[in-house]
Amino acid sequence: MKTLKTFLVITTILILMFSCKQTNMVKPSTFISLKNNFQDDFYIGAAINENQILEKDSVVTALISKEFNSITAENIMKSMYIHPAKDSFAFNLTDKYVAFGEKHGMYIHGHTLIWHSQLAAWFADIKDSTEMVLAMEKHIKTIVDKYKGKIDSWDVVNEALNEDGTLRKSAFLESVGEDYLAFAFKWASDTDSKADLYYNDYNMTNLNKRNGAIKMIEKIQDKGIKIDGVGMQGHWNLKTPSIKDIEESIIAYSKLGLKVAITELDITVLPNPKDLVGAEVSQGFEGSEKMNPYAKGLPDSIQTKLAQRYRDIFKLFLKHKDKISRVTFWGVSDGQSWLNGWPIKGRTNYPLVFDRELKPKQAYDSIMALTSKN
Ligand code: G3I
């Protein structure tokens with residue numbers, strides 16, 4: 001009896017010791033990542049470019065694989081690259097993109113089937129309605145069929161709206177009329193009934209544009225055509241749009257019965273010419289220090305403002321995680337961001353959460369601190 005009691009006491013002590021060790025155990029750094037931090041909330045992704053798809057830099061590949069569980073092709077799936085001529089498709093790079101996603105266990109997003117920009121020249125030149133319908137149908141069905149069961153969701157139509165909520169005068173609208181929108185979603189869902197189909201646009205927090213998007217989406221829904229989500233691109237700055245505007249938009253799109261994805265998140269810290277009184281982007285701002293104030297590095301004060309802004313935004317995302325399917329950064333690190341070249345070429349911007357040396361920034365730490373997982 002005494003032996004048994006001694007055994008039980010020793011066992012209990014050992015269990016207590018081990019469990020204390022467990023709770024104080026420092027997690028290996030591989031556990032601390034964006035994707036693990038938000039694993040119960042939404043996919044966390046990045047737009048990746050050609051070099052990243054080809055795994056040209058093993059350090060970058062390791063960072064992408066460690067931090068993200070979703071990818072978006074930044075450029076290579078746009079029609080000028082994937083369908084460069086009427087009767088020829090170029091799938092070499094897009095096959096590698098899908099293979100990258102499968103190799104790293106990613107949620108793979110397709111960007112974008114129908115977009116007026118980076119539109120193949122042969123496509124943009126079509127004026128006849130029947131010819132455009134046939135071209136669009138072949139484009140969508142060929143690409144979606146090729147990646148059926150591999151690509152999890154598509155930006156079926158990108159940026160079809162003007163800022164006032166009316167339809168943008170694109171080659172598609174001019175030749176086919178507004179039915180091109182419903183056709184696009186129908187062809188995509190007929191081809192792959194399982195992929196989630198999104199309408200994607202920027203400035204989706206602007207009231208007029210939001211109302212225009214809702215009206216456009218309801219028309220598609222009223223035809224009984226499948227549309228699963230709205231992509232709010234999220235090209236924002238340190239102050240606008242307000243958290244209130246973002247929240248109202250997330251709620252409004254969700255009320256359509258749709259998923260909401262934040263599809264192209266970045267936060268510019270640079271002045272934008274149009275914010276200047278009467279500024280016109282084409283007005284010669286190139287090289288002006290005023291428009292490129294942080295060429296030599298980002299001051300701590302701005303680093304902190306960026307961190308606070310990302311924290312406020314992710315706090316809102318977590319509040320509405322029931323509505324949000326995915327949050328994708330538009331790029332992996334500051335050095336690759338399109339915002340180093342837009343709206344003014346050759347600037348030094350700092351819009352993402354990894355710096356030019358691929359190190360996590362204060363903004364990374366601020367969003368990681370929002371959950372108890374690390
Ligand atoms: O492919 C050519 C290359 O051959 C050439 O040497 C090089 C010379 O500059 O240009 C390369 O093309 C560039 C392309 O990105 C690929 O890098 C284009 O000039 C450049 O304009 C293009 O910019 C892309 C932009 O879309 C085009 O509108 C950006 O990388 C990309 O981040 C941006 O992404 C869009 C989304 O698709 C839709 N939402 C808005 C977002 C920002 O504009």
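In this report, we go over the structure that sits alongside the text. Fair warning: this is a prediction, and the values are worked out from it, not measured in the lab.

Our focus in this paragraph is the pairing of strand 9 (residues 324-329). Burial analysis of strand 9 places six of its six residues in the buried class, which makes it a mostly covered element. Summarising the sheet, strand 1 (residues 43-48) and strand 9 pair through four bridges and their orientation is parallel. Following the sheet pairing, Ile44 is matched in strand 9 by Val327. As paired strands, strand 8 (residues 259-268) and strand 9 are joined by four bridges and run parallel to one another. Paired with Ala261 across the bridge in strand 9 is Arg326.

A separate point is the packing of helix 11 (residues 207-222) against helix 12 (residues 243-254). Put simply, helix 11 and helix 12 touch, their axes get as near as 11 Å, and they point 10° apart. When the axis of helix 11 is compared with that of helix 12, the two are roughly parallel. Across the interface between the two elements, Arg210, Ala213 and Ile214 of helix 11 pack against Asp245, Glu248, Ser249, Ala252 and Tyr253 of helix 12.

Around the ligand, a shell composed of 15 residues is seen, among which Glu74, Lys78, His111, Glu159 and Glu264 lie nearest. The separation between an oxygen atom of the ligand and a polar side-chain atom of Lys78 is 2.6 Å. Here an oxygen atom of the ligand sits 2.7 Å away from a polar atom, N or O, in the side chain of His111. Compared with its free state, where it exposes 790 Å², the ligand has 49% of that area covered by protein. A per-class count over the shell around the ligand returns four nonpolar, seven polar and four charged.

With that settled, the discussion passes to the nonpolar core. Grouped together as the largest cluster of nonpolar side chains are 106 residues, with contacts concentrated most on Leu34, Tyr310, Phe314, Phe317 and Phe329. The greatest single-element share of this core, amounting to nine residues, is contributed by helix 13 (residues 300-319). If we ignore the near neighbours within four places in the chain, the residues touching Leu34 are Ile44, Glu67, Phe68, Phe329, Val353, Phe354, Tyr364, Ile367 and Met368.

Before going further, it helps to examine unusual backbone geometry. Of the consecutive residues His111 and Thr112, the connecting peptide bond is found in the cis state with omega at -5°. Considering the arrangement of structural elements, one finds Thr112 in strand 3 (residues 107-115). Following Trp342, the chain continues to Pro343 via a peptide bond in cis, the omega torsion being 0°. Relative to the assigned elements, Pro343 resides in the loop between strand 9 and helix 14 (362-368). The backbone phi angle of Glu159 is positive, close to 55°, even though this residue is not glycine.

The subject of this paragraph is the side chain of Ser33. With respect to the secondary-structure elements, Ser33 resides in the loop between helix 1 (2-24) and helix 2 (34-37). Those residues in contact with Ser33 that lie beyond four places of it in its chain are Lys66, Glu67, Tyr364 and Met368.

For the coordinates displayed, the defined rule picks out 19 salt bridges. A salt bridge links Lys361 to Asp334, with the nearest nitrogen and oxygen atoms 2.6 Å apart. Within this pair, whereas Lys361 is found in the loop between strand 9 and helix 14, its partner Asp334 is found in the loop between strand 9 and helix 14, the two being separated by 27 residues in sequence. With respect to class, Lys361 is no different from Asp334; both count as buried. Within this structure, Glu163, Asp201 and Lys209 form a network of salt bridges that share partners.

As for its position among the elements, Thr61 is in helix 4 (residues 58-67). On the accessibility criterion, Thr61 (8% relative accessible area) is buried. The residues touching Thr61, leaving out its near neighbours within four places in the chain, are Glu55, Phe100 and His104.

Let us look at the side chain of Asp41. Along the polypeptide, Asp41 turns up in the loop between helix 2 and strand 1. Of the polar contacts made by the side chain of Asp41, one reaches the side chain of Lys321; its length is 3.0 Å. With residues up to four places along the chain from it excluded, the contact list for Asp41 reads Leu318, Lys321, Ile324 and Thr371.

What counts and what doesn't
Residues numbered from 1 in each chain as written. Predicted model: local features only at pLDDT ≥ 70, side-chain atom pairs only at ≥ 80, totals over all residues. Heavy atoms only, no water. Buried < 20%, exposed > 50% of the residue type's maximum accessible area, 1.4 Å probe, protein only. Helix = DSSP H or I, 4+ residues; strand = E, 2+ residues; numbered from the N terminus. Pairing = 2+ DSSP bridges. Axes fitted to C-alpha atoms, helices over the stretch in contact; angles between N-to-C directions. Parallel < 35°, antiparallel > 145°, perpendicular 65-115°, else oblique. Contact = heavy atoms within 4.5 Å. Near = heavy atom within 4 Å. Polar contact = N/O pair within 3.5 Å; in protein donor to acceptor, adjacent residues only side chain to side chain. Areas by Shrake-Rupley, 256 points an atom, 1.4 Å probe, with all protein chains shown as cover. Nonpolar A, V, L, I, M, F, W, Y, C, P; charged D, E, K, R; others polar. Core = buried A, V, L, I, M, F, W, Y, C linked by side-chain atoms within 4.5 Å. Salt bridge = Lys/Arg side-chain N within 4 Å of Asp/Glu carboxyl O.

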